[in-house]
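Structure assessment
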Number of protein chains: 2
Amino acid sequence: MITSFAGESRHFLDEKSRLSIPAKFRRWLSGDDAEYTFVVTKGSDPCLVAYPYTEWDIRAENLLKLDHFKKKNRAFVRAWSRNSIRLKCDKQGRVLIPQFLLEFAGIKKEVVIIGVLNYLEIWDPDTLDQHAESKIPLDDDYFEDLSNIL
Amino acid sequence: MITSFAGESRHFLDEKSRLSIPAKFRRWLSGDDAEYTFVVTKGSDPCLVAYPYTEWDIRAENLLKLDHFKKKNRAFVRAWSRNSIRLKCDKQGRVLIPQFLLEFAGIKKEVVIIGVLNYLEIWDPDTLDQHAESKIPLDDDYFEDLSNIL
DNA sequence: GAATTTTCCCCACCTCTACCCACAATTATA
DNA sequence: TATAATTGTGGGTAGAGGTGGGGAAAATTC
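Below: a short report on this structure.

Cut-offs applied
Residues numbered from 1 in each chain as written. Chains lettered and ligands numbered in written order. Predicted model: local features only at pLDDT ≥ 70, side-chain atom pairs only at ≥ 80, totals over all residues. Heavy atoms only, no water. Axes fitted to C-alpha atoms, helices over the stretch in contact; angles between N-to-C directions. Helix = DSSP H or I, 4+ residues; strand = E, 2+ residues; numbered from the N terminus. Parallel < 35°, antiparallel > 145°, perpendicular 65-115°, else oblique. Left-handed = near helix turned anticlockwise from the far one by under 90°. Contact = heavy atoms within 4.5 Å. Nonpolar A, V, L, I, M, F, W, Y, C, P; charged D, E, K, R; others polar. Near = heavy atom within 4 Å. Polar contact = N/O pair within 3.5 Å; in protein donor to acceptor, adjacent residues only side chain to side chain. Expected span 1.5 Å × (residues − 1). Buried < 20%, exposed > 50% of the residue type's maximum accessible area, 1.4 Å probe, protein only. Pairing = 2+ DSSP bridges. Buried area = accessible area lost by both parts, 1.4 Å probe. Salt bridge = Lys/Arg side-chain N within 4 Å of Asp/Glu carboxyl O. Arc of directions from axis to C-beta. Core = buried A, V, L, I, M, F, W, Y, C linked by side-chain atoms within 4.5 Å. Patch = residues over 30% accessible without salt bridge, like charges linked within 9 Å, V, L, I, M, F, W, Y side chains within 5 Å. Areas by Shrake-Rupley, 256 points an atom, 1.4 Å probe, with all protein chains shown as cover. Lys, Arg positive; Asp, Glu negative; His and termini not counted. Charge placed at Lys NZ, Arg CZ, Asp CG, Glu CD. Phe/Tyr/Trp six-rings, centres within 6.5 Å; stacked < 30°, edge-to-face > 60°.

**Thoughts on the packing of helix α2 (residues 53-64) of chain B against helix α3 (residues 71-82) of chain B**
All names here are of chain B. Close contact between α2 and α3 brings their axes to 11 Å; oriented N to C, the two are set at 160°. Our classification of the angle between α2 and α3 gives roughly antiparallel. As α2 packs across α3, the resulting crossing turns out to be left-handed. Residues W56, R59, A60 and L63 of α2 form the contact with α3, whose participating residues are F76, V77 and W80. When grouped by side-chain class, the residues that make up the contact of α2 with α3 number six nonpolar, no polar and one charged.

**Observations regarding the protein's contact with DNA strand C**
Taken together, 14 residues sit near DNA strand C, with K16 and Q92 of chain A together with K16, Q92 and R94 of chain B positioned nearest. For DNA strand C, the backbone makes up 36% of the atoms found within 4 Å of the protein, where backbone means sugar plus phosphate. Contacts to DNA strand C include Q92 of chain A, whose side-chain N or O atom sits 3.2 Å from a base nitrogen. One of the side-chain nitrogen or oxygen atoms of K16 of chain B is found 3.2 Å away from a base nitrogen of DNA strand C. At the level of elements, β6 (94-96) of chain A together with β6 (94-96) of chain B are the ones that each hand at least two residues to the surface near DNA strand C. Across the surface near DNA strand C, the residue classes break down as two nonpolar, two polar and ten charged.

**Describing the protein's contact with DNA strand D**
Around DNA strand D, the surrounding shell holds 28 residues, and the nearest of these are D14, K16 and R26 of chain A together with K16 and R26 of chain B. A breakdown of the atoms of DNA strand D within 4 Å of the protein gives sugar and phosphate a share of 47%. One of the side-chain N or O atoms of R94 of chain A is found 2.9 Å from a base nitrogen in DNA strand D. A23 of chain B places a main-chain nitrogen or oxygen 3.3 Å from a phosphate oxygen of DNA strand D. Secondary structure elements with two or more residues in the surface near DNA strand D: β1 (8-12), β2 (18-20) and α1 (23-30) of chain A together with β1 (8-12), β2 (18-20) and α1 (23-30) of chain B.

**Observations concerning helix α2 (residues 53-64) of chain A**
Think of an α-helix as 3.6 residues a turn; residues three or four steps apart then line up on the same face. The end-to-end C-alpha distance of α2 of chain A, which contains twelve residues, comes to 16 Å, matching closely the 16 Å that a straight helix rising 1.5 Å per residue would cover. Listed as buried for α2 of chain A are Y53, W56, D57, A60, N62 and L63 of chain A.

**Focus: the sheet that holds strand β5 (residues 85-88) of chain A**
Residue and element names in this part refer to chain A. The strand order β1-β7-β8-β4-β3-β5 describes an open sheet built from six strands, whose pairing is antiparallel. Both edges of this open sheet fall to β1 and β5, since each of them pairs with a single strand only. Averaged over all neighbouring strand pairs, the angle between strand axes comes to 30°, with direction disregarded. Pairing of strand β3 (residues 37-42) with strand β4 (residues 48-52) involves five bridges; the strand directions are antiparallel. What sits directly across from K42, in β4, is L48.

**Remarks on the interface of chain B and chain A**
Contacts between the two partners involve 29 residues from chain B and, on the opposite side, 25 residues from chain A. Counting the surface lost from both chain B and chain A, the interface buries some 2500 Å², and carbon and sulfur atoms represent 64% of this. Applying the counting rule to chain B against chain A returns four salt bridges. Across the pair D45 of chain B and R74 of chain A runs a salt bridge whose closest N-O atoms are separated by 2.8 Å.

**Describing α2 of chain B**
All names here are of chain B. Along α2, the residues classified as buried are W56, A60 and L63. Along α2, the residues classed as buried sweep out an arc of 60° about the axis, all on the same side. In this structure, the buried residues of α2 make contact with β3 (37-42), β4 (48-52) and α3.

**Quick notes on the nonpolar core**
The nonpolar side chains of a soluble globular protein tend to be buried with one another. One finds W56, L63, F76 and V77 of chain A together with L117 of chain B to be the most contacted residues of the largest nonpolar core, which totals 35 residues. Looking at this core, the element that brings in the most residues is α2 of chain A, giving four residues. Aside from chain neighbours lying at most four places away, what touches V77 of chain A is L63, L66 and H68 of chain A together with V116 and L117 of chain B. Within the second largest apolar cluster, 23 residues are counted, among which are F25, V40, L101 and A105 of chain B.

**A short note on a negative patch on the surface**
All names here are of chain A. On the surface, a cluster of negative charge is contributed by D139, D140, D141, E144 and D145. By the secondary structure assignment, E144 is in helix α6 (residues 140-147). With a relative accessible area of 56%, E144 lands in the exposed category.

**Examining the packing of aromatic side chains**
Under the counting rule described, the total for this entry stands at nine aromatic pairs over all chains. Taking the centre distance of 5.3 Å and the plane angle of 10° together, the rings of W56 of chain A and W80 of chain A count as stacked. One end of the pair, W56 of chain A, is in helix α2; the other, W80 of chain A, is in helix α3 (residues 71-82), and 24 residues separate them in sequence. Using a relative accessible area of 17% as the deciding quantity, one classes W80 of chain A as buried. Measuring from centroid to centroid gives 6.1 Å for F25 of chain B and W28 of chain B, while their planes differ by 40°, and the two rings are tilted. Of this pair, F25 of chain B and W28 of chain B both sit in helix α1, three residues apart, which is roughly one turn of the helix.

Encoded structure:
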């Protein structure tokens, strides 16, 4: 069994741009570790993604194996790494998300946090609505592929 | 778990050409060691690279294994070694980077410091933009290869 | 050996972070 | 249902971090 997130919740950035991580997610993110450390980065969709630190670390270890004499690899690792921010909740369970990440996701005040299996997604509500509206067509072929794994 | 750098931050050289190493990177660079010693050298890209001393040492050990009867190897090791400068932060967490290294990276006043897993990169912002813009094409084939390790 | 330059320690200042406390709202428990 | 515990949010404040600059010590040059 994997540690998995589920559900969503709605929050607000406070005056100081701090974001409360919902308590249930917070515990999942950090495991039993009381440090509440995790990694936030840009998602493939216009949202932010938060990994438990252990998840991120596995990826980092793998990227270390890439041949750094190849320019492509250096470029990829650089891009991947510079957007990944290691965050720690304060004693109230809040984190300060860097401005450039908030801007990337178009987050102003209101925020939707979605648990997606082994990571969290952090969305601006409007962006999320639009994104969901532009319904990606899930056709028969797609479900046929899915049926192999579900 | 590895000590790994992530994220980036922006700094300025002060009047005396001193560069503040961001506190979070500083701690990672030097491990538990309070001496804040690390090694800076020319990167493979037009930037400077800073290794924790232990990381640099591993590389040095590996280079020792090269066959020194081969001219190419001697030339490479010589170039690599003469550009590697051991630096120590002052009590304010700043280092004085030699002029020839600043020139190599085209650094004038503003600086971007990027954490890349097991080392730091130090860039001139404009150079970095151009370098990122000249997007090394990361095509589908590339990501297909990547998916094996991520 | 004197003069100049370079390096590095120290102090000062301001900003930003993260701790602390507070409290309302919600959820859990008796 | 009443009470207690947890959670989300607000805001004050101490301290850490980044930057600037004076001046002593060390190194270099003349």
